[in-house]
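# Coordinate inspection notes
Residue-level listing of the chains:
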Amino acid sequence: MKYVIVTGGVVSGLGKGVTASSIGVVLQSCGLRVTSIKIDPYLNTDAGTMSPFEHGEVFVLDDGGEVDLDLGNYERFLDVTLTKNNNITTGKIYQSVIDAERRGDYLGKTVQVVPHITVEIQEWIERVAVVPVDGKEGAADVCVIELGGTIGDIESSPFVEALRQFQFRVGQENFCLVHVSLIPVLGVVGEQKTKPTQHSVQALRALGLTPDLLGCRSAKPLEQCTREKLSQFCHVPAGHILSIHDVSNIWHVPLLLRDQNVHLAILKKLNLRFGRVIVRSFVANLSLLYPSSAPQPELSEWTQRAERSDALSIPVKIGMVGKYTGLSDSYLSVLKALTHASLACGRKLVIEWVASTDLEDGSPRDLHDAAWAALKSVDGILVPGGFGDRGTQGKVLAAKYARENNVPYLGVCLGMQIAVIEFARSVLGLDGANSTEFDPATPHPCVLYMPEISRTHKGGTMRLGVRRTFFQTPNCLTSKLYGNESFVDERHRHRYEVNPELVDRLEEAGLTFVGKDETGRRMEIVELPEHKYFVGVQFHPEFKSRPGKPSPVFLGLILAASKQLDSYLASGKNAGTMVTTMDNGHSFDCVANGTAEIHVNGVATKKQQQQQQADPSKFKRLERELLQIQAMVKELKEREEEIREDLRKGRGGAGDIFMED
């Protein structure tokens with residue numbers, strides 16, 4: 001197993017997660033299988049009980065793990081399915097060590113940070129790194145590990161020491177360290193300053209770790225003189241100093257790293273040269289000539305996605321109604337899902353943040369008027385998940401406005417419950433209808449605490465992870481968006497559910513529960529059939545949205561908001577394919593797997609027509625195979641010259657031909 005460690009210096013929030021994910025993408029494009037681990041030094045066992053204001057959103061995995069939002073970046077970038085053990089926290093490590101001590105596993109030893117905590121960290125990494133996350137059998141080739149926080153933090157010191165030991169445990173040829181640091185520019189001088197990074201690297205080296213590559217975060221591309229200065233004072237080759245400057249969209253970051261040959265630097269450090277991998281696999285098994293890498297990373301889909309995103313100019317405005325509007329990371333996955341859907345629809349996403357508390361009657365007049373003006377200007381409304389009663393009435397008012405004015409609406413988790421509460425109040429006339437979360441004494445409980453959920457413990461006790469939802473109405477809108485499937489598997493995170501005793505009355509009044517769990521008593525999807533798009537889901541579809549595979553319900557919201565939903569459904573492309581007109585009058589087929597085909601006046605280009613007549617995937621495969629063969633031949637020739645030279649100098653024999661590769 002090869003390990004790439006990503007650390008951060010100077011300040012937090014530099015984008016280590018995106019950098020680590022992008023490195024993984026580039027290595028994947030070299031044919032390597034990649035897995036990821038995030039280390040969070042906080043004492044919490046997991047992120048489940050942390051406020052979004054403290055740490056951003058809580059990302060939920062298939063197995064129910066409540067983890068750091070960076071694992072969402074890993075899953076979206078690498079298209080993998082991680083587990084709760086891929087997120088290591090101080091709380092988990094100490095809990096594991098203390099449990100072992102209570103069992104007597106240490107045989108009377110004094111339990112200390114070194115070696116017991118540091119060894120547990122190393123063993124955890126090795127144990128998790130070999131678990132496949134890409135749906136294939138066997139361990140990955142490379143594990144990318146992000147160490148949260150900043151070098152020098154007190155709480156991360158055991159992990160830094162563990163990684164220092166780990167480099168000797170696995171061997172230097174299996175350990176590559178990438179240090180991400182800030183290169184600020186002073187406003188008056190306008191010069192890129194290297195001193196903070198110099199000090200950060202100095203602190204890192206003092207702790208026993210030496211960076212192999214430097215990732216330099218800056219507003220503009222790194223200047224050559226800055227690169228040379230960093231190389232001189234940080235003891236890192238100039239070619240290993242990466243400019244990770246601000247870009248127009250996140251899809252450019254892997255391309256930025258590839259263009260600076262980050263893959264060559266890492267593969268060389270880890271002894272994973274392209275040629276060597278090809279030759280080794282060739283000698284090992286002629287039927288599997290080149291399974292792992294190509295001479296150059298294949299990132300055409302990322303290039304298309306980045307360029308397409310830059311080209312978008314027709315806006316679609318979505319009103320995000322919540323109570324954490326001051327910190328966008330609180331709704332990071334929701335924003336990413338909206339971005340994926342907007343890109344698929346050929347629209348430029350514009351988020352109108354609406355604080356739900358400002359929509360309520362008791363809010364200050366200026367904030368109240370501004371919030372309602374903003375809400376009335378949007379093309380669609382989204383009410384995301386959340387907890388607590390603050391701002392709840394504002395969300396109810398937003399749902400009512402969307403329902404009465406035929407504005408596309410998507411409610412996620414709490415947003416679905418809000419839609420049910422509003423319908424019960426306004427249509428059924430149930431005054432005081434509410435959730436028992438907000439009003440335990442409500443005369444009309446529309447939403448109840450689930451009976452199997454603990455009332456004494458908060459952490460890890462919700463209905464979490466992937467659960468199956470069965471469609472009750474085959475021709476419903478949501479079913480069509482999911483490709484007419486009979487069921488869907490989506491991730492959940494909730495303690496409350498729609499009151500099953502109220503379902504019949506709600507449906508008689510026009511609200512339709514088109515998706516339920518396996519028991520038929522837990523409501524999962526609700527629709528308002530006569531509405532343009534009024535959908536609520538109990539699950540969190542944003543957690544499984546991918547750049548090339550947008551979540552169907554988010555796609556439906558953007559389609560409805562951009563007035564493309566009817567044509568999309570009429571086209572019969574209900575499994576994620578659509579045709580969208582762009583600003584230049586051309587159009588593209590946007591398929592759920594992320595590929596795109598440009599049309600001019602409705603006709604594919606000549607090159608595309610020729611490819612359509614043959615099998616385009618076959619030609620792509622043959623071109624890649626040809627490049628691999630050429631690289632293999634070059635490697636064999638170089639090896640032949642080395643052997644001949646050794647034979648001439650009398651330092652080798654014919655047997656050496658078979659000793660390497």
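Rules used throughout
- Residue positions are counted from 1 within each chain, in the order its sequence is given.
- Predicted model: local features are reported for residues with pLDDT of at least 70 only, side-chain atom pairs are reported and counted for 80 or more only, and whole-chain, interface and lining totals are derived from all residues.
- Side-chain calculation: all heavy atoms of the structure are included, whereas hydrogens and water are not.
- Secondary structure follows DSSP: runs of H or I at least 4 residues long count as helices, runs of E at least 2 residues long count as strands, and numbering of each begins at the N terminus.
- For each residue, the accessible area found with a 1.4 Å probe, counting protein chains only, is set against the maximum for its type, and the residue is called buried under 20%, exposed over 50%, and partly exposed in between.
- Surface exposure here means Shrake-Rupley accessible area, sampled with a 1.4 Å probe, where a residue is shielded only by the protein chains that are shown.
- In this description, a line fitted to the C-alpha atoms serves as the axis of each element, helices being fitted only across the stretch in contact, and the angle between N-to-C directions of two axes falls anywhere from 0 to 180 degrees.
- Any angle that is under 35 degrees is reported as roughly parallel, and any over 145 degrees as roughly antiparallel; angles of 65 to 115 degrees are reported as roughly perpendicular and all others as oblique.
- Any two residues whose heavy atoms approach within 4.5 Å at even a single point are treated as in contact.
- Three categories are distinguished: nonpolar for Ala, Val, Leu, Ile, Met, Phe, Trp, Tyr, Cys and Pro, charged for Asp, Glu, Lys and Arg, and polar for the others, with Gly belonging to the last.
- Residues form patches when they are more than 30% accessible in relative terms and have no salt bridge. Like charges link within 9 Å. Nonpolar side chains (Val, Leu, Ile, Met, Phe, Trp, Tyr) link within 5 Å.
- Salt-bridge detection follows one rule: a side-chain nitrogen of Lys or Arg within 4 Å of a carboxyl oxygen of Asp or Glu.
- By definition, two strands form a pair when at least two bridges between them are found by DSSP.
- Grouping buried Ala, Val, Leu, Ile, Met, Phe, Trp, Tyr and Cys residues that are joined through side-chain atoms within 4.5 Å yields what is termed a nonpolar core.
- A helix's residues, less one, multiplied by 1.5 Å, set its expected span.
- Here the arc refers to the set of directions running from the helix axis out to each C-beta atom.

### Digging into the overall build of the protein
A tally of helices and strands in the protein yields 22 helices and 25 strands. Within the protein, the fraction of its 661 residues that count as buried is 53%. When the accessible surface of the protein is summed, it comes to about 28600 Å², and 51% of that surface belongs to carbon and sulfur atoms.

### Thoughts on the packing of helix α15 (residues 392–404) against helix α16 (residues 414–426)
Where α15 meets α16, the closest approach of the two axes is 9 Å, and the angle between their N-to-C directions is 70 degrees. Put simply, α15 runs roughly perpendicular to α16. Of the residues in α16, those in contact with T392, Q393, K395, V396, A399, K400 and R403 of α15 are L414, I418, A419, I421, E422, F423, R425 and S426. Residue classes in the contact of α15 with α16 are distributed as seven nonpolar, three polar and five charged.

### So, a nonpolar patch on the surface
Among the surface-exposed residues, M1, V130 and V131 lie close enough to one another that they form a single nonpolar patch of about 210 Å² accessible area. Here M1 lies in the segment before β1 (2–8). Given a relative accessible area of 31%, M1 falls into the partly exposed group.

### Observations concerning unusual backbone geometry
With an omega dihedral of 15 degrees, the bond running from V114 to P115 counts as a cis peptide bond. Positive phi is not limited to glycine here, since L107 has a value of about 55 degrees. Tracing the sequence through the fold places L107 in the loop between α4 (90–103) and α5 (113–129). For L107, a relative accessible area of 77% corresponds to the exposed category. With phi around 60 degrees, N484 is a residue other than glycine that occupies positive phi space.

### Overview of the sheet that holds strand β18 (residues 496–498)
Across the sheet, three strands lie side by side as β14-β15-β18; this open sheet has mixed pairing. Of all the strands in the sheet, just β14 (434–435) and β18 have a single pairing partner and so form its edges. Here β14 runs beside strand β15 (residues 445–449); their pairing, made up of two bridges, is parallel. Residue pairing across strands places S435 opposite V447, the latter belonging to β15. Along the sheet face, α16 touches β14, β15 and β18 and points at about 145 degrees away from the line of β15.

### As for the sheet that holds strand β2 (residues 34–40)
Sheet architecture is open: seven strands sit in the order β5-β2-β6-β1-β7-β8-β9, paired in parallel fashion. Whereas interior strands pair on both sides, the edge strands pair on one side only; in this sheet they are β5 (87–89) and β9 (241–245). With direction set aside, neighbouring strand axes in the sheet form an average angle of 20 degrees. Two strands pair when backbone bridges link them, and β2 and β5 are joined in this way by three bridges, in the parallel orientation. Pairing of K38 across the sheet is with N87, part of β5. Contacts from α4 reach β2 and β5, with the element oriented near 70 degrees to β5.

### Regarding the pattern of salt bridges
Throughout the structure, instances matching the rule amount to 28 salt bridges. Note that E352 is salt-bridged to K317, the shortest N-O span being 3.8 Å. Taken together, the positions of E352 in strand β11 (residues 348–355) and K317 in strand β10 (residues 315–322) put the pair 35 residues apart, joining distant regions of the chain. Overall, K317 belongs to the partly exposed group, its relative accessible area being 24%. A cluster of three or more residues bridged by salt bridges with shared partners is formed by D62, E75, D79, R491, R546 and K549.

### Focus: the nonpolar core
Grouped together as the largest cluster of nonpolar side chains are 48 residues, with contacts concentrated most on V4, I23, L27, L213 and I266. Top element by residues in this core is helix α1 (residues 16–29). It accounts for six residues. Non-local contacts of L213, meaning those with residues more than four positions away in its chain, are made with C176, L177, V178, H179, V236, H240, L242, V262, A265 and I266. Counting 44 residues, the second largest nonpolar core, distinct from the first, contains A371, A402, V407 and I421.

### With respect to helix α7 (residues 195–206)
Compared with an ideal rise of 1.5 Å per residue, which puts twelve residues at 16 Å, α7 spans 16 Å between its outermost C-alpha atoms and is within 8% of the ideal. Residues T197, Q198, S200, V201 and L204 constitute the buried set of α7. The buried residues of α7 all sit within an arc of 165 degrees when viewed along its axis, so they share a single face. Residues of α7 that are exposed and angled more than 90 degrees away from the buried face: Q202 and A206. Elements in contact with the buried residues of α7: β1, β7 (175–182), β8 (213–218) and α8 (224–234). A positive phi of about 95 degrees marks G208, the residue just after α7.

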